[in-house]
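Structural overview
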Amino acid sequence: LSLSLGLDAPFAVESHDSIDSTNRRARELAEDGAEEVVVVADAQTGARGRLDRSWEAPPGGVYLSLVVRPDVPIRDAPLFTLAAAVATARAAREQGVDAHIKWPNDVVVPRGTTASRTESDDVVAPRDETRYAKLAGILTEMQGEADRVGWLVVGIGVNAEVTAEGLPDGATSVRAETGAVDRRAFVQRLLSEFDALRADLDAVVPAWRELALTLGQRVRVETPGGEVVGEAVDVERPGTLVVRRDDGETVRVSAGDCEHLRP
Ligand code: BTN
C-alpha cells in the first residue's frame, strides 16, 4: 500500500510501509531545510507520544508528520496542533465516526457514562470512568528563533484500520467504529482541512469549539502549579483551557493533561 499514490495533497508526500517514527524523520527533513512535506507510514516501530510516552503504532494506522514553516510568532504555534485535531476529527466524521476533541488535542469518540468499550473488548471499565475512547493523538515539535516559529513538525497518529484486538485499552479505531475505512480519502481530507485552517488561523479555535467534548465537562488538569478541578467553560486562542473552579474562581491552563472526573 502506498498512500502517496493518487494523493492530491498540498504537500510533497514521503511514504513508508514502516519507519521508526514519522516525527523523527520529519524533523530530520525540517533540519535539512524541507518544508511543505508530509511523511506518511503504515506502521511505526518507535513512535513517540506526548509527555515522553511511547505510542503504539501497529500496521493499519494512518501515521503522518507534516513539516511546515509558518510565518507566525511562537505564541501561535499551538493553533497548528489544534488545527490538526480539527482536521483529523473532520476526516474521521467523513468516514462516519462520531469524532470529537478532548482538550488539548486528542481525537476521541464519546462512550457515555456507562463506559462501554469496543464490542470485542471483554474488559469492562468501572461505571463512569471511561467516557471516551481515543481515536487519534497529536504530537507537535517546534524549532524557533527569537519569538518566531522556524519549523513545526505536526505528528498525527490515527488508529485507522487497526482491529479492536490490536488496540490498547481505552482506544478505538475507524474500523472498530464503522467496520471500514477509506484510508486514501481520510488522509486527503485531513490534509486539505489542515491546509485550509492554517491559512485562516482565526477560524481554528471556533472550529475546535464546535468539536470539543471537554467544554461543559468537569475536568481535573495537572499543571506545574498543582491540580485544577472544576468545569471547563471555554478554550481561548491559542488553545488555553478556561476552567471555572468550584469556588467560582476562573483559572486558565495553557497545556497539560486533562482528565474527566466522575460526576
Ligand atoms: C499522544 O500522545 O497522544 C500523541 C501521539 C502522537 C503519535 C504520532 S504517530 C505519527 C507521529 N510520529 C510519532 O512518532 N508520533 C506521532
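Presented here is a report on the structure given in the accompanying data block.

What counts, and where the lines are drawn
- Residues numbered from 1 in each chain as written.
- Predicted model: local features only at pLDDT ≥ 70, side-chain atom pairs only at ≥ 80, totals over all residues.
- Heavy atoms only, no water.
- Helix = DSSP H or I, 4+ residues; strand = E, 2+ residues; numbered from the N terminus.
- Buried < 20%, exposed > 50% of the residue type's maximum accessible area, 1.4 Å probe, protein only.
- Contact = heavy atoms within 4.5 Å.
- Core = buried A, V, L, I, M, F, W, Y, C linked by side-chain atoms within 4.5 Å.
- Domains from an automatic or database assignment.
- Axes fitted to C-alpha atoms, helices over the stretch in contact; angles between N-to-C directions.
- Left-handed = near helix turned anticlockwise from the far one by under 90°.
- Nonpolar A, V, L, I, M, F, W, Y, C, P; charged D, E, K, R; others polar.
- Pairing = 2+ DSSP bridges.

A word on the overall build of the protein chain. Helices and strands together make up the secondary structure of the protein chain, namely five helices and twelve strands. Here the protein chain holds 263 residues, and 51% of them are scored as buried. Within the protein chain, contacts between residues separated by at least 24 positions form 63% of all contacts whose residues are at least 6 apart in sequence.

So, about the nonpolar core. Leu-64, Leu-66, Val-154, Ile-156 and Phe-194 are the most contacted members of the largest nonpolar core, which has 60 residues in total. With eleven residues, helix α2 (residues 78-94) is the single largest residue contributor to this core. In terms of domain composition, this core takes at least three residues from each of domain 1 (12-211) and domain 2 (218-260). Setting aside residues no more than four positions away along its own chain, Val-154 makes contact with Asn-23, Leu-64, Ser-65, Leu-66, Phe-80, Ala-84, Ile-138, Leu-139, Thr-140 and Phe-194. Of all hydrophobic cores here, the second largest spans nine residues; its members include Leu-29, Ala-30, Ala-34 and Trp-151.

Looking now at the packing of α2 against helix α4 (residues 183-198). Contact geometry of α2 with α4 gives a least axis separation of 8 Å together with a crossing angle of 140 degrees. Note on packing geometry: the crossing formed by α2 with α4 is right-handed. In contact with Phe-80, Ala-83, Ala-84, Val-86, Ala-87, Thr-88, Arg-90, Ala-91, Ala-92 and Glu-94 of α2, α4 contributes Ala-185, Phe-186, Arg-189, Leu-190, Glu-193, Phe-194, Leu-197 and Arg-198. Across the contact of α2 with α4, the residue classes tally to twelve nonpolar, one polar and five charged.

Pairing in this open sheet of seven strands is mixed, and the strands run β1-β2-β3-β7-β6-β5-β4 from one edge to the other. Among the strands making up the open sheet, the edge pair consists of β1 (12-19) and β4 (100-102). For this sheet, the mean inter-axis angle between neighbouring strands, taken without regard to orientation, is 25 degrees. In this structure, strand β2 (residues 37-44) lies alongside strand β3 (residues 62-68), joined through five bridges in antiparallel fashion. Following the sheet pairing, Val-39 is matched in β3 by Ser-65. Along the sheet, helix α1 (residues 22-31) contacts β1, β2, β3, β6 (132-145) and β7 (148-158); its crossing angle with β7, the most-contacted strand, is approximately 155 degrees.

Let us look at the pairing of strand β8 (residues 218-223). Pairing between β8 and strand β9 (residues 226-236): six bridges, direction antiparallel. Within β9, the position partnered with Arg-218 by the bridge is Glu-231. Between β8 and the antiparallel strand that follows it, β9, lie two residues.

Relative to strand β10 (residues 240-245), β9 runs antiparallel, the two being bridged by six bridges. Bridged to Ala-232 within β10 is Val-243. In textbook terms, the turn of a hairpin is the stretch between consecutive antiparallel strands, and for β9 and β10 this stretch comprises three residues, one of which, Gly-239, has a positive phi near 140 degrees.

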